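# Overview (structure and organization)
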Amino acid sequence: MRTFKVYVKNECPYCMSVQALLEEKGHGYNRVASEQNQELLLEVQIRHNWSTVPVVFETTDGTNKFIGGYSDLVTYLQKDKQLLRG
């Protein structure tokens, strides 16, 4: 099953937008609040050479695929919709 994992900060407008977009599109997601684990967020950012939040991954069958941030997710979902239409 396809879901998303989103690393966020509570007061980040782009983080809130990612969550709203995923809810609007009916996609399930796991929210990881970085305030509770700064070290984990830093590790994820270093591993993927990403310096901002949100950090978005698509999770399919236990495998995480790095997407990027809010605008990257918008583009990713639009491309996915275009592929489905054929």
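Residues numbered from 1 in each chain as written. Predicted model: local features only at pLDDT ≥ 70, side-chain atom pairs only at ≥ 80, totals over all residues. Heavy atoms only, no water.

### What about the overall build of the chain?
Per the secondary structure count, the chain includes three helices and four strands. Counting from the amino terminus, helix and strand elements in the chain follow one another as β-α-β-α-β-β-α. Relative to the compact-globule value of 12 Å for 86 residues, the chain shows a C-alpha radius of gyration of 13 Å, a close match. Structurally, the chain occupies a C-alpha span of about 40 × 25 × 20 Å along its principal axes. By the burial criterion, 33% of the 86 residues in the chain qualify as buried. The long-range fraction of contacts in the chain, counting pairs at least 24 apart against all pairs at least 6 apart in sequence, stands at 58%. Taken as a whole, the chain presents about 5,700 Å² of accessible surface, with 49% of it coming from carbon and sulfur. Taking the average place of the 10 positive charges on the side chains of the chain and the average place of its 10 negative ones, the gap between the two points comes to 7 Å. (Helix = DSSP H or I, 4+ residues; strand = E, 2+ residues; numbered from the N terminus. Rg over C-alpha atoms; globule rule 2.2 N^0.38 Å. Buried < 20%, exposed > 50% of the residue type's maximum accessible area, 1.4 Å probe, protein only. Contact = heavy atoms within 4.5 Å. Areas by Shrake-Rupley, 256 points an atom, 1.4 Å probe, with all protein chains shown as cover. Lys, Arg positive; Asp, Glu negative; His and termini not counted. Charge placed at Lys NZ, Arg CZ, Asp CG, Glu CD.)

### Topic: helix α2 (residues 38-47)
Within α2 the residues assigned to the buried category are L41, V44 and Q45. For α2, the arc enclosing every buried residue in end-on projection is 100 degrees, short of the 170-degree limit, so these residues lie on one face. Seen from the open side of α2, the exposed residues pointing more than 90 degrees away from its buried face are E39, I46 and R47. Where α2 is buried, its residues meet β1 (2-8) and β3 (55-60). (Arc of directions from axis to C-beta.)

### As for the sheet that holds strand β2 (residues 29-33)
Judged by pairing direction, the sheet is mixed, and its four strands sit side by side in the order β2-β1-β3-β4 without closing on themselves. Each edge of the open sheet carries a strand with a single partner, namely β2 and β4 (63-68). Across the sheet, the mean angle from the axis of one strand to that of its neighbour is 25 degrees, orientation sign disregarded. With five bridges joining them, β1 and β2 adopt parallel strand pairing. (Pairing = 2+ DSSP bridges. Axes fitted to C-alpha atoms, helices over the stretch in contact; angles between N-to-C directions.)

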